[in-house]
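Listed below, chain by chain, are the residues.
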Amino acid sequence: MKKADGKAAIDYAFHCIITDITGAQLEEMGALVREGVSTFKLFMAYPGVFMLDDASIFRAMSQAAKHGGMICMHAENGGAIDVIVQRALAEGKRAPKYHALTRPVTAEAEATSRAIALAEMAGAPVYIVHLSCNEALEKVREARDRGLPAYAETCPQYLYLSLENMDAPGFEGAKYVFTPPLREKWHQEKLWHGLAHDTLQVVSTDHCPFCFKEQKELGKDDFTKIPNGGPGIENRLSLIYSGGVNGGRFSANRFVQLVSAAPAKLFGLFPRKGTIAVGSDADIVVFDPDEEQVISAKTHHMRVDYSMFEGIKVKGIPKIVLSRGRVVVENGKFTGKPGSGEFIRRAQYSGT
Ligand SMILES: [Zn+2]
């Protein structure tokens with residue numbers, strides 16, 4: 001909180017990552033929810049770094065349910081993936097594309113299903129972050145059909161990019177090294193369908209930028225050393241409006257629901273955020289639905305030296321952004337003031 005204080009231009013909140021569970025940490029979860037940090041990100045991947053075992057996940061979920069918090073799950077079977085990665089390295093497979101080829105869709109589907117089962121036993125809601133493939137989507141659909149409070153998001157990279165991007169010449173594939181990895185192209189339409197039919201409730205970005213020069217390059221000779229993550233926050237609205245509304249896949253109302261109303265409700269920000277109403281915050285984006293733009297690192301504002309979406313043409317551009325009623329972006333120019341954003345205490349999970 002101290003790090004963010006006085007720096008942000010718009011309002012912000014936090015998720016808390018839990019990497020190991022002791023009695024004291026379980027107690028802290030309740031205190032955090034009361035302070036307005038009501039969601040916790042847990043990992044089923046990255047053994048030895050972030051990964052929690054099932055008992056710990058179950059304890060955290062039970063505690064979240066007790067205090068009105070919600071678990072956000074990174075759902076990939078990290079144990080199996082690590083074995084596959086070690087085998088690939090032993091066979092001399094070191095190029096960026098092996099990052100994707102060593103993380104099978106079944107690893108994501110299995111973890112998604114296990115996360116949902118653990119949440120069901122704990123009587124807790126669960127939110128699957130950055131869902132990337134049809135197999136995992138099916139698990140969420142099954143759970144929702146049974147009426148469980150299971151939610152999931154996907155991100156623009158899984159809707160626009162695919163394994164083919166990892167075949168880029170030289171080391172370029174490193175630009176698309178993030179987890180879960182890119183999938184075969186056919187998954188994209190399944191995810192769009194999931195967004196249209198509420199199997200997926202939210203589009204986020206998992207924004208986690210590393211520069212290509214000097215940062216991604218750390219993994220030049222070994223894909224496991226490539227920093228995992230990609231830049232995407234700036235392009236989210238245009239990509240989803242363009243592919244979703246202009247693409248004829250869903251309505252403008254559904255678009256607003258996916259990028260604003262649903263996340264505000266799920267994460268305890270509603271009705272302060274996520275709606276235009278008397279007493280709400282007037283965080284408003286004025287959108288030009290007809291303006292076109294070709295996404296490029298040459299023109300983007302993110303402080304990173306490449307774009308994952310380089311060359312993709314979008315139709316529908318945010319023109320004016322208001323934060324609590326004040327204009328902070330006008331015609332692509334930032335006019336706001338760093339430090340004018342404030343930490344938002346979020347309410348407990350209350351369903352949608
Ligand atoms: Zn994650």
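Scroll up for the structure.
The rules behind each value
- Each residue is numbered by its place in its chain's sequence as written, counting from 1.
- Per-residue local features of the predicted model are confined to residues with pLDDT of at least 70, and side-chain atom pairs are confined, for both listing and counting, to 80 or more; whole-chain, interface and lining totals are unaffected and use all residues.
- The side-chain values count all of the structure's non-hydrogen atoms but skip hydrogen atoms and water molecules.
- Here a strand is any run of E in DSSP of at least two residues, a helix any run of H or I of at least four, and the numbering for each starts at the N terminus.
- A radius of gyration in this sense is built from C-alpha atoms; the matching globule rule multiplies 2.2 Å by the number of residues raised to 0.38.
- Note on exposure labels: buried denotes an accessible area under 20% of the residue type's maximum, exposed denotes more than 50%, and partly exposed covers the range between, all computed with a 1.4 Å probe on protein chains only.
- Residue contacts are counted whenever heavy atoms from the two residues lie within 4.5 Å of one another.
- Values of accessible area rely on a 1.4 Å probe in the Shrake-Rupley scheme; residue burial ignores everything except the protein chains shown.
- Neither His nor the chain termini are counted; the positive set is Lys and Arg, and the negative set is Asp and Glu.
- Taken as the charge centre is NZ of Lys, CZ of Arg, CG of Asp or CD of Glu, depending on the residue.
- The rule for pairing is simple: two strands pair if DSSP sees at least two bridges between them.
- Only the stretch in contact is used when a helix axis is fitted, and all axes are lines through C-alpha atoms; the angle between N-to-C directions ranges over 0 to 180 degrees.
- Salt bridge, as applied in this entry: a Lys or Arg side-chain nitrogen positioned within 4 Å of an Asp or Glu carboxyl oxygen.
- The criterion is simple. A nonpolar core is a set of buried Ala, Val, Leu, Ile, Met, Phe, Trp, Tyr and Cys residues joined through side-chain atoms within 4.5 Å.

## Quick look at the overall build of the protein
In terms of helices and strands, the protein carries 10 helices and 10 strands. Taken over C-alpha atoms, the radius of gyration comes to 20 Å for the protein, in line with the 20 Å a tight globule of 352 residues would show. Structurally, the protein occupies a C-alpha span of about 60 × 50 × 40 Å along its principal axes. Residues counted as buried form 49% of the 352 residues belonging to the protein. Sequence-distant contacts in the protein: of pairs separated by 6 or more residues, those separated by 24 or more amount to 75%. If you sum the accessible surface of the protein, you get close to 16300 Å²; carbon and sulfur atoms cover 53% of it. Taking the 42 positively charged and 41 negatively charged side chains of the protein as two groups, their mean positions are separated by 3 Å.

## Quick word on the sheet that holds strand S6 (residues 202-203)
If you trace the 6 strands from one edge of the open sheet to the other, you get S1-S2-S3-S4-S5-S6, paired in parallel fashion. The open sheet terminates on both sides in strands that have one partner only, identified here as strand S1 (16-17) and S6. Here strand S2 (residues 39-43) runs beside strand S3 (residues 70-74); their pairing, made up of 5 bridges, is parallel. When the bridges of S3 are listed, Phe40 appears paired with Ile71. Taken strand by strand, helix H2 (residues 54-67) contacts S2, S3 and strand S4 (126-128), and its axis lies near 150° from that of S3.

## Section: the pairing of strand S8 (residues 313-323)
Bridge count for strand S7 (residues 284-294) against S8 is 8 bridges, and the pairing is antiparallel. Residue pairing across strands places Glu292 opposite Lys315, the latter belonging to S8. Inspection of the sheet shows S8 paired to strand S9 (residues 326-330) by 4 bridges, in the antiparallel sense. Residue Ile320 lies in a different strand from S9, and its bridge partner there is Glu330. The antiparallel pairing of S8 with S9 creates a hairpin that spans 2 residues between the two strands, and Arg324 there sits at a positive phi of about 45°.

## Focus on the side chain of His67
One can find His67 in helix H2. Residue His67 is classed as buried on the basis of its relative accessible area, which comes to 17%. With near-sequence residues (within four places) excluded, His67 lies in contact with Gly30, Val33, Arg34 and Gln348.

## Details of the pattern of salt bridges
Considering all chains together, one arrives at 22 salt bridges under this definition. Taking the shortest distance from any N to any O, the salt bridge between Arg183 and Glu108 comes out at 2.9 Å. Of this pair, Arg183 sits in the loop between helix H7 (156-160) and helix H8 (187-196) while Glu108 is found in helix H5 (residues 105-122), placing the two residues 75 residues apart along the sequence. Taking the shortest distance from any N to any O, the salt bridge between Asp281 and Lys273 comes out at 2.7 Å. Across this residue pair, the class does not change: Asp281 and Lys273 are buried. One salt-bridge network, in which partners are shared between bridges, spans Asp11, Arg272, Lys273, Asp281, Asp283, Arg324 and Glu342.

## Some thoughts on the nonpolar core
Across soluble globular proteins, nonpolar side chains show a tendency to be buried alongside one another. Within the largest apolar cluster, 79 residues are counted, with the highest numbers of intra-cluster contacts made by Leu42, Met61, Ile71, Met73, Ile128 and Leu131. The leading source of residues in this core is H5, at 7 residues. Dropping the residues within four chain positions of it, Ile71 is found in contact with Met29, Phe40, Leu42, Ala60, Met61, Ala64, Pro125, Val126 and Tyr127. Core analysis: the next-biggest nonpolar cluster, separate from the first, contains 9 residues, Met70, Val129, Tyr151 and Ala262 among them.

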